[in-house]
Amino acid sequence: MESIEKDLIEAAQQGNVSAFEQLINGTERKMLSIAAGFAASPDDAEDIYQDAMINAFRALPKFRKDSQFSTWLYRILVNTAISSRRKLKSKINRLITFYDPQNDENTSISGYEQYGSESNPEAQLSNDQLSKAINKALASLSDKEKIAFVLCHQQEIKIVDAAQIMGCGEGSVKSYLFRARDKMRSQLQSFIG
Amino acid sequence: MNDNQNINDDQMLILAYIYGDLSAEQRQAFEQRLQSEVELKKLFEQQNAFDKLMPGGTQPVINDDRLHAVQWSLQKRLRKESNRQRTLSSRIKNMLQALWSQPVSFGAQLVGMLLTFSFGFLLAQSNSTESISGEPLASHTELRSPLQLIESDNYEIVDLQLKQLEPQSDKVKVVYSLASKAQVQGSITDPEIQNLLAASIKNDVSDSTRLDIIEALKDQGNRSLVKDALSYSLLNDPNPGVRMAAAESLAKLSDNEAVREVLRQALSSDINSGIRVAAFQALIQHLDDQKTIETLKSYSLKDSNQYIRDFSKRVINDNKNNTQLPVEKSPDETTQI
């Protein structure tokens, strides 16, 4: 661990908010994107991300410096997302049941995430129907399948790192990933052709 | 090994290939198998079709506005959480949690518990069943019932907490503070008034009050207490207007190295571009400061604000060539709060 990061962690563990903000500085977009992978809507994603950061700030005194800070942070984010997902599961089902994109004037800012490639904004998928289908397919995954898919496929985190975040073996991550892809593929079959 | 297991193994291999989990030799071996094994190729193309529709890296798009709004909201929540943690009961609770979670002796844990009980007794109300009596507010204050004090309109209840409520025994323990209204009049140059205002910034006062305080103190920065209060506001206040006022006040004091350090922190971490521009413009008055140059190299070259990025580039290049730059005003771009 770099000495700067170590100093910031020690300061943050004493309750220094600025130190904590410096620790998460630069990772917010990625973490918000991970949160969005679990959320039913942009608002939910923001709540998940903020709740996770507050949980991390509270749990900082327990952080043991034998693991990477970023791995620890991602683990908290993922756990917070799963807790939130369980609470919102029935609400998600209602949203999917009653949402009618044809009657929504603001489909571009409606209650679901827009998907695209962050590395190439010009090539961003603008198909609202596909985005909705992706969100629906993601909602059908189990918690572990979703985590594996969001981390490895969406966020391109290495399987070995995802295994550390998920607290399981690499083989397990691959199994969850395979099952997630299988389910997603069958749900998105009409788009694959 | 049966056929099912073969398929499973091949599926795992395909995943490892897709997600870059194979070594160079393994990748080569896999690609050779793809050319010769029809079944494997079929499975791979199945997976490939999915990746064409949803390539790796396809993720929710987070635009700058959304990110900044979330960052600002989180900043407020973190400060609230920090304030909450600083209350006495949280400190005791954290101390106990730390004691219990560490492999310490039973004796140390017992001492912790005894200390907590003792402290609780000190905080508790007197256990009279006939009337509620209050603690004196100050040694010279007449001992009166708190309800009388509140009803006379001289005091108000703040931070009331119901620590204990036992319905069976009707026992209740209430902890509260009584705040009296007070008024001070004088000159802003008076150190006592400055001290009061500087201390107030860290208390639970409204955004507009904090802004008024910064405005009042902005020309009094020669005292270290005021400097500290302004620095605290720049780095911690959740309201960008307050932070901007603090940045502008500190800019006038940027001859001081400690102030420059605070401005550098703001430049590297404030989420609001207007505030970062204010810090930047103060810091570039002192380009002989190598720490500033290092901050520009580490953070400002990647700043989302174009003025900061462009000017930083010039500063760093000219620093290499050792030439002095004229100080420019920022363009009339949007640097809103």
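Residues numbered from 1 in each chain as written. Chains lettered and ligands numbered in written order. Predicted model: local features only at pLDDT ≥ 70, side-chain atom pairs only at ≥ 80, totals over all residues. Heavy atoms only, no water.

Below, the discussion takes up the overall build of chain B. For chain B, the count of helices and strands is 15 helices and three strands. Every one of the 337 residues in chain B was classed for burial, and the buried ones make up 36%. Contacts spanning at least 24 positions in sequence make up 51% of the contacts within chain B whose residues lie at least 6 apart. Carbon and sulfur atoms form 51% of the exposed surface of chain B, whose accessible area is close to 20,600 Å². (Helix = DSSP H or I, 4+ residues; strand = E, 2+ residues; numbered from the N terminus. Buried < 20%, exposed > 50% of the residue type's maximum accessible area, 1.4 Å probe, protein only. Contact = heavy atoms within 4.5 Å. Areas by Shrake-Rupley, 256 points an atom, 1.4 Å probe, with all protein chains shown as cover.)

Along chain A, the regular secondary structure elements total 10 helices and one strand. Going residue by residue from the N terminus, the α and β elements of chain A occur as α-α-α-α-α-β-α-α-α-α-α. Looking at chain A as a whole, 50% of its 193 residues qualify as buried. Within chain A, contacts between residues separated by at least 24 positions form 61% of all contacts whose residues are at least 6 apart in sequence. If you sum the accessible surface of chain A, you get close to 9,200 Å²; carbon and sulfur atoms cover 45% of it.

Listed per partner, the contact involves 53 residues of chain A and 44 residues of chain B. Of all residues in chain A, R29(A), Q50(A) and R181(A) bury the most surface against chain B, accounting for 15% of the area lost on that side. For R58(A), the salt bridge is made with E81(B), and the minimal N-O distance between the two is 3.0 Å. Summed over the shared surface of chain A and chain B, the number is 21 residue pairs in polar contact (both at pLDDT 80 or more). Those elements giving two or more residues to the side of chain A that touches chain B turn out to be helix 2 (17-24), helix 3 (28-38), helix 4 (42-59), strand 1 (115-117), helix 6 (128-139), helix 7 (143-154), helix 9 (170-187) and helix 10 (189-192) of chain A. In terms of residue count, the dominant contributor to the side of chain A that touches chain B is helix 4 of chain A (10 residues). Across the side of chain A that touches chain B, the residue classes tally to 24 nonpolar, 15 polar and 14 charged. (Buried area = accessible area lost by both parts, 1.4 Å probe. Salt bridge = Lys/Arg side-chain N within 4 Å of Asp/Glu carboxyl O. Polar contact = N/O pair within 3.5 Å; in protein donor to acceptor, adjacent residues only side chain to side chain. Nonpolar A, V, L, I, M, F, W, Y, C, P; charged D, E, K, R; others polar.)

So, on to unusual backbone geometry. Residue E156(A) is not a glycine yet carries a positive backbone phi of 55 degrees. Looking at the secondary structure, you find E156(A) in the loop between helix 7 and helix 8 (159-166).

With that settled, the discussion passes to the pattern of salt bridges. Residues and elements named next belong to chain B. Counting across every chain of the model gives 25 salt bridges over all chains. Two residues, R243 and D270, come together in a salt bridge whose shortest N-O distance is 2.7 Å. With R243 in helix 11 (residues 240-251) and D270 in the loop between helix 12 (257-269) and helix 13 (273-283), the pair connects residues that are 27 residues apart, well separated along the chain. In this structure R243 comes out as buried when scored by relative accessible area, which is 1%. In this structure, the salt-bridge partner of D303 is R276, at a minimum N-O distance of 2.7 Å. You can see D303 sitting in the loop between helix 14 (290-298) and helix 15 (306-321) and its partner R276 sitting in helix 13, a full 27 residues away along the chain. Across this residue pair, the class does not change: D303 and R276 are buried.

So, on to the packing of aromatic side chains. In this description, an aromatic ring pair is defined by two values, namely the gap between the centres and the angle between the planes. Residue and element names in this part refer to chain A. Inspection of the entire model under this criterion finds 11 aromatic pairs over all chains. A ring pair is formed by F20 and F57, whose centres lie 5.3 Å apart and whose planes are at 65 degrees; its orientation type is edge-to-face. Taken together, the residues span a long stretch of sequence, with F20 in helix 2 and F57 in helix 4 at a distance of 37 residues. Each member of the pair, F20 together with F57, is buried. Both rings, one in F69 and one in W72, keep their centres 5.6 Å apart while their planes meet at 35 degrees; by these two values the pair is tilted. Separated by three residues within a single helix, F69 and W72 lie in helix 5 (residues 69-98), roughly one turn from each other. No difference in accessibility class separates F69 from W72, as the two residues are buried. An aromatic cluster is defined as three or more aromatic residues linked by ring pairs; in this entry it consists of F63, F69 and W72. (Phe/Tyr/Trp six-rings, centres within 6.5 Å; stacked < 30°, edge-to-face > 60°.)

Attention shifts here to the environment of A245(B). Residues and elements named next belong to chain B. Its place among the elements puts A245 in helix 11. When the C-alpha positions of A245 and E215 are compared, they lie 7.0 Å apart, and in sequence the two are 30 residues distant. Apart from the residues lying within four places of it in its own chain, the contact partners of A245 are L211, I214 and E215.

Attention now goes to the packing of helix 12 of chain B against helix 13 of chain B. Residue and element names in this part refer to chain B. Where helix 12 meets helix 13, the closest approach of the two axes is 8 Å, and the angle between their N-to-C directions is 140 degrees. Judged on the interaxial angle alone, helix 13 and helix 12 are oblique. In this structure, helix 12 crosses over helix 13, and the sense of that crossing is left-handed. Listed contacts from helix 13 to R260, L263, R264, A266 and L267 of helix 12 are R276, A279, F280, A282 and L283. Of the residues in the contact of helix 12 with helix 13, the class split is seven nonpolar, no polar and three charged. (Axes fitted to C-alpha atoms, helices over the stretch in contact; angles between N-to-C directions. Parallel < 35°, antiparallel > 145°, perpendicular 65-115°, else oblique. Left-handed = near helix turned anticlockwise from the far one by under 90°.)

Another point: the confidence of the model for chain B. Atomic detail in the predicted coordinates should be set aside for any region of low pLDDT. Residues and elements named next belong to chain B. Looking at chain B, the pLDDT average stands at 77 and 73% of residues meet or exceed 70. Looking across chain B, the model is least confident in helix 7 (residues 146-151), with a mean pLDDT of 62, and most confident in helix 2 (residues 24-36), with 93. With pLDDT under 50 throughout, residues 1-7 is counted as low confidence; its partners more than four residues away or in other chains account for three contacts. Contacts for the low-pLDDT stretch residues 325-337, under 50 throughout, to residues beyond four places or in other chains number 28 contacts. Model confidence for the complex: the whole-complex pTM is 0.52, and ipTM, which rates the interface, is 0.78. (pLDDT = per-residue confidence, 0-100.)

Right, let's talk about a nonpolar patch on the surface for a bit. All names here are of chain B. A grouping of L110, M113, L114 and F117 is seen on the molecular surface, where their side chains present a nonpolar patch of about 390 Å² in accessible area. Mapped onto the secondary structure, L114 falls in helix 6 (residues 106-123). Residue L114 is classed as exposed on the basis of its relative accessible area, which comes to 52%. (Patch = residues over 30% accessible without salt bridge, like charges linked within 9 Å, V, L, I, M, F, W, Y side chains within 5 Å.)

This next bit is on the packing of helix 3 of chain A against helix 7 of chain A. Residues and elements named next belong to chain A. The N-to-C vectors of helix 3 and helix 7 enclose an angle of 140 degrees; their axes lie 10 Å apart at closest approach. Viewed along their axes, helix 3 and helix 7 adopt a mutual orientation that is oblique. For the element pair helix 3 and helix 7, the recorded crossing hand is right-handed. Residue-level inspection shows I34, G37 and F38 of helix 3 in contact with helix 7, the latter providing K146, I147, V150, L151 and Q154. Here the residues of the contact of helix 3 with helix 7 are counted per class, giving five nonpolar, two polar and one charged.

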